[in-house]
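Chain by chain, the residues run as shown.
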Amino acid sequence: MLAAAGVVARTGHEAASSAGVLFALNAVAVADVLLVVVSRRLAGRRGPDHLGHRLRRLGLTPQGTVVLLGLGAFAGVLVGVLEHLGWVGGTGALWVASGALVVVLALLRVKSSGTPRPVSPQVRAPLRVRNG
């Protein structure tokens, strides 16, 4: 719904500028998808490759990870809104894209865990859920 609202808000504006604004509004999500696709393609497997997983592997707390992702999203939205209002030139989205690319390239260097997480000793096979 938010993406549709963004498209409606940019109707009648220049196409390149609209694409830049819409990218800036979704920069964290785009960076996350890019990181997952590239890292899984390079490793040839599936695994926990998202931004949050990589930041946690760097030693950040869950709260610190949320704060960093929130700041990144806020920065992208701020640039998108300022560009939509005409206060920032068309290069604002390029700065957001450059920042997102730097983050993705830096986090690609963080190794994802090649081994699955250990199963809790409290979980036994077969795991049943009883109703009632």
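Residues numbered from 1 in each chain as written. Predicted model: local features only at pLDDT ≥ 70, side-chain atom pairs only at ≥ 80, totals over all residues. Heavy atoms only, no water.

Details of the nonpolar core
Step number 1: By size, the foremost hydrophobic cluster in this structure holds eight residues: Ala31, Leu35, Leu51, Leu55, Ala100, Val104, Leu107 and Val110.
Step number 2: Taken together, the elements giving at least two residues each to this core come down to helix 3 (27-43), helix 4 (51-57) and helix 6 (92-108).
Step number 3: If you tally residues by element for this core, the top one is helix 6, at three residues. (Core = buried A, V, L, I, M, F, W, Y, C linked by side-chain atoms within 4.5 Å. Buried < 20%, exposed > 50% of the residue type's maximum accessible area, 1.4 Å probe, protein only. Helix = DSSP H or I, 4+ residues; strand = E, 2+ residues; numbered from the N terminus.)

Some details on the packing of helix 5 (residues 62-85) against helix 6
Step number 1: Look at helix 5 against helix 6: their axes get within 9 Å of each other, and the N-to-C directions meet at 165°. It follows that helix 5 is roughly antiparallel to helix 6 by the angle criterion. With respect to the hand of their crossing, helix 5 and helix 6 are arranged in left-handed fashion. Contacts between helix 5 and helix 6 involve Gly76, Val79 and Glu83 from the first element and Gly92, Ala93 and Val96 from the second.
Step number 2: Residues that form the contact of helix 5 with helix 6 fall into these classes: three nonpolar, two polar and one charged. (Axes fitted to C-alpha atoms, helices over the stretch in contact; angles between N-to-C directions. Parallel < 35°, antiparallel > 145°, perpendicular 65-115°, else oblique. Left-handed = near helix turned anticlockwise from the far one by under 90°. Contact = heavy atoms within 4.5 Å. Nonpolar A, V, L, I, M, F, W, Y, C, P; charged D, E, K, R; others polar.)

A word on the packing of helix 2 (residues 15-25) against helix 5
Step number 1: Interaxial distance between helix 2 and helix 5 falls to 7 Å at its minimum, and their mutual angle equals 155°. By the angle between their axes, helix 2 is roughly antiparallel relative to helix 5. Considering how the two elements wind past one another, helix 2 and helix 5 form a crossing that is left-handed. Of helix 5, the residues touching helix 2 (which contributes Ser17, Val21, Ala24 and Leu25) are Gly76, Val77, Gly80, Glu83 and His84.

Some remarks on the pattern of salt bridges
Step number 1: Considering all chains together, one arrives at two salt bridges under this definition.
Step number 2: In this structure, aspartate 49 and arginine 40 form a salt bridge, with 3.1 Å as the shortest nitrogen-oxygen distance.
Step number 3: Look at arginine 40 and you get partly exposed, because its relative accessible area is 22%.
Step number 4: In this structure, the salt-bridge partner of arginine 54 is aspartate 49, at a minimum N-O distance of 3.4 Å. Aspartate 49 shares its class with arginine 54; the two are buried.
Step number 5: By sharing partners, the salt bridges in this structure join Arg40, Asp49 and Arg54 into a single network. (Salt bridge = Lys/Arg side-chain N within 4 Å of Asp/Glu carboxyl O.)

Let's talk about a nonpolar patch on the surface
Step number 1: Together, Leu25, Val77, Val81, Leu85 and Trp87 line one region of the surface with nonpolar side chains, adding up to about 480 Å² of accessible area.
Step number 2: Tallying contributions element by element places helix 5 first for the nonpolar patch, with three residues.
Step number 3: Along the chain, valine 77 falls in helix 5.
Step number 4: Assessed through its relative accessible area of 35%, valine 77 is described here as partly exposed. (Patch = residues over 30% accessible without salt bridge, like charges linked within 9 Å, V, L, I, M, F, W, Y side chains within 5 Å. Areas by Shrake-Rupley, 256 points an atom, 1.4 Å probe, with all protein chains shown as cover.)

Observations regarding helix 6
Step number 1: Helix length check: helix 6, at 17 residues, gives a terminal C-alpha distance of 25 Å against a target of 24 Å (1.5 Å per residue), a fit within 8%.
Step number 2: Packing partners of the buried residues in helix 6 comprise helix 2, helix 3, helix 4 and helix 5. (Expected span 1.5 Å × (residues − 1).)

Quick notes on the confidence of the model for the protein chain
Step number 1: Per-residue confidence for the protein chain gives a mean pLDDT of 80; residues scoring 70 or more make up 80%.
Step number 2: Highest mean pLDDT in the protein chain belongs to helix 5 (91); lowest belongs to helix 1 (residues 2-9) (68). (pLDDT = per-residue confidence, 0-100.)

Details of helix 5
Step number 1: For helix 5, spanning 24 residues, the distance from its first C-alpha to its last is 34 Å, which sits close to the expected 34 Å at 1.5 Å a residue.
Step number 2: Three or more residues of helix 5 are buried, namely Thr65, Gly76, Gly80 and Glu83.
Step number 3: Close packing links the buried residues of helix 5 with helix 2, helix 4 and helix 6.
Step number 4: Count one or two residues on from helix 5 and you reach glycine 86, which has phi positive near 90°.

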